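Notes for the structure review
Single-letter residue listing:
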Amino acid sequence: MPSFALPSFLPLAAEAVTQKLVTLGVSDILIIVGYFAMVLGIGWYLKKQTTTSEDFFMAGREMTAWIAGLSFLSANLGSLELMGWAGSAYQYGILATHWYWIGAIPAMLFLGIVMMPFYYISKTHSVPGYLQLRFGEDSRAFAAISFAFMTILMSGVNMFSMAKVMEVVLGWDLNFSIWISSITVAAYVALGGLKSAIFNEVLQFMLIWAGAALIPIMGMIEVGGWANLQAKIGASYTHAWSTLGSFQDNPMGIHWTGIVFGLGFVISFGYWTTDFLVVQRVLAAKDLRSAKMAPIIGAAFKMAVPLIVILPGLLGLGVLDVKLVPESVAKVTPGAHSYNEVLPIMMARYMGPGLLGLGITALIAGFMAGMAGNVSAFATVWTYDIYRPFLNKKASDAHYLSMGRWCTIIGIFVSIGTAYMVMRAESIMDYVQALFSFFIAPLFGTVILGMLWKRATPAGGFWGLLAGTVCSILMWLWVLFDETAIRYVALSPHAKPMAENMYRALWSWIICVAVTVVVSLYTRPKPDEQLTGLVYGATPIPGEGDVPFWLRPIFWAGMVAAVFVALNVVFW
Amino acid sequence: MNLDIRLPIGLLFAILGGLLIVYGLWTQFSDPNMYDRSLGLNINLWWGLVMSLFGTFMTWLGRKGATEKPQQAH
């Protein structure tokens, strides 16, 4: 899930904490250097194959389901994500898994089975590109500009957070971390384009597992199994649903309706099905079946991610002698560590020289995967959805290719600029996260109506998107200036900021859908022949042919859904 | 596609795994107290073995894929 859903885990760490957690030995450095050499090598090798803009922005549309699926997941699994959610697990207990299960799995399966055919058959190159085909230039321009702007800001926020972690954990200088990691990402994405980003994301995904999997294994051995851990930290930290009956019963201050409808339906569907950062990876699949399978494979692995993210946080509650404190407290207390550092702390607890290098590599790999995801999506949207339609309509393919390369590099520099801005005023981070949340939910409303409802008109789509976004901003401002307004926005005066986020998303989605429907009914619909390949009911979806059931996406979607239900029952 | 991603992944895991094995064996004798923190297990050695096995398997898959007929290769 997007990190914006959880404002409390930012900003990371503080000047007050000066002693670093670990020191790297020669073997650790060797591992990290090996990793850098490999990602750059892949980028360099793929440069030869990247000769057209289709290669650069769409990875030549030749990815298998496995590669597309793993990179789809990996682009989302940034280091901020890893450490932020481990910290949330320490703070809120197993409730944090909702962001991995109900907050992702239904949406990913829905993307694969229902939405992917329209994205894929329309041959669009991006989500704003789909909006242009379905609703016209206005919607595209609105979605593209907001997406490009937000993506690049988010990328800077992630960069800063990563550098901060490296400072706290290893004592590395902020500037050093920022420049080394971003120049590496710029190099391999600018050289090999999306293909290089995708291939490296698959590699990074495996490295994240290799570096982090030992934490839950060692932790479980130390506490002596799940039952012992449960006895140690208490039932309220190990039950995912049974405390969600009222706002006061759980540490998040949230009600199950917020989780199910706000998070599970609107935020998660918005993020996983319309955030171009992730959808771009699936669009690069080689055929429709692979495009449908990719999110399903991603979902299967997504369900396992809490093992290396949530479980270390819970284990931290059980085994650490020191108490971790909220970020705001850690900032003013010398020597104190915040929740968000629980993952590196657990890493340092079990891993000595050697493996520690691998663990640090996992954190760097996670950061780079997220960063590359942001810049490759930014370069595509900028070149295809802003530069080509509005600034320079008729240029050669080679021109757009080099535009993509330069965009990647410029995008990274803008991110670096953002990172330095955040360094001066850390509150910027919260605003960027909030900004990002304004666009996701209404965009989902517009895209889903566009795909499933033939009657939706171009005017309806545009005004719905605009109204949903503006209302989201207004609600946010309302709560910002008048804290008591939370009783209206989130339905309860006891709601916490996270709950407010969820309900705000829900309202803005409802507003977007309502406005789209009303405006559509008063405006002239597009004729059916213009909707072919874009909308349900006007699109012949090719059959899967005579393939055995175990090769069908729907079969695997069913399997993933069954495991998903079982997990929620087990951890009820 | 011309690059099979299993090859670089396999290679990197095999190399890093090998490095951990060597380092694990070396520290087993030179600095055994180092593993107190990991409950007495030489995790460098064991995790190195796991990683190099995985790396070898991926490399084998990648090489197998490269020798199969192009239309069968995925």
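An unreviewed UniProt entry lists chain A under the name Sodium/glucose cotransporter, with Aquisphaera giovannonii as the source organism. UniProt's Subcellular location (unreviewed entry) comment on chain A is quoted here verbatim: "Membrane". UniProt, in its Sequence similarities (unreviewed entry) section for chain A, records the words "Belongs to the sodium:solute symporter (SSF) (TC 2.A.21) family."

A closer look at the overall build of chain A
When helices and strands are counted, chain A shows 23 helices and 0 strands. By the compact-globule yardstick of 25 Å for 572 residues, chain A fits well, its C-alpha radius of gyration being 23 Å. Principal-axis analysis of the C-alpha atoms places the extent of chain A at approximately 65 × 55 × 55 Å. With 572 residues in all, chain A has 64% of them scored as buried. Residue pairs at least 24 apart in sequence account for 84% of intrachain contacts in chain A once pairs closer than 6 positions are excluded.

Things to note about the interface of chain A and chain B
Contacts between the two partners involve 36 residues from chain A and, on the opposite side, 25 residues from chain B. Taking both sides of the interface into account, the surface hidden between chain A and chain B amounts to around 2700 Å²; carbon and sulfur atoms contribute 82%. Applying the counting criterion to the chain A and chain B interface returns 0 salt bridges. Our count for the contact surface shared by chain A and chain B stands at 3 residue pairs in polar contact (both at pLDDT 80 or more). Top element by residues in the side of chain A that touches chain B is helix H1 (residues 26–47) of chain A. It accounts for 8 residues. A class-by-class count of the residues in the side of chain A that touches chain B yields 26 nonpolar, 6 polar and 4 charged.

A few points about the pattern of salt bridges
Side chains bearing opposite charge may pair, as long as their charged atoms lie close to each other. Residue and element names in this part refer to chain A. In total, this model carries 10 salt bridges over all chains according to the counting rule given. Residue Asp 287 is joined to Lys 286 by a salt bridge in which the shortest nitrogen-to-oxygen separation is 3.8 Å. Using a relative accessible area of 30% as the deciding quantity, one classes Asp 287 as partly exposed. When salt bridges with common partners are traced through the structure, they connect Glu 137, Arg 140 and Asp 385 into a single cluster.

Quick word on the side chain of A:Thr97
The residue A:Thr97 is located in the loop between helix H4 (79–92) and helix H5 (105–121) in this model. Leaving out residues up to four positions away in the same chain, A:Thr97 has contacts with A:Ala240, A:Pro306 and A:Ile310.

Here's the deal with the side chain of A:Asn568
Residues and elements named next belong to chain A. Examined against the element boundaries, Asn 568 turns out to sit in helix H23 (residues 553–570). A residue is classified by how much of its surface remains accessible, and Asn 568, at 9% relative accessible area, is buried. Reaching out from Asn 568, the side chain makes a polar contact with the backbone oxygen of Phe 564 at a distance of 3.1 Å.

What counts, and at which threshold
Residues numbered from 1 in each chain as written. Chains lettered and ligands numbered in written order. Predicted model: local features only at pLDDT ≥ 70, side-chain atom pairs only at ≥ 80, totals over all residues. Heavy atoms only, no water. UniProt positions renumbered as here; feature names shortened; annotations may be inferred. Helix = DSSP H or I, 4+ residues; strand = E, 2+ residues; numbered from the N terminus. Rg over C-alpha atoms; globule rule 2.2 N^0.38 Å. Buried < 20%, exposed > 50% of the residue type's maximum accessible area, 1.4 Å probe, protein only. Contact = heavy atoms within 4.5 Å. Buried area = accessible area lost by both parts, 1.4 Å probe. Salt bridge = Lys/Arg side-chain N within 4 Å of Asp/Glu carboxyl O. Polar contact = N/O pair within 3.5 Å; in protein donor to acceptor, adjacent residues only side chain to side chain. Nonpolar A, V, L, I, M, F, W, Y, C, P; charged D, E, K, R; others polar.

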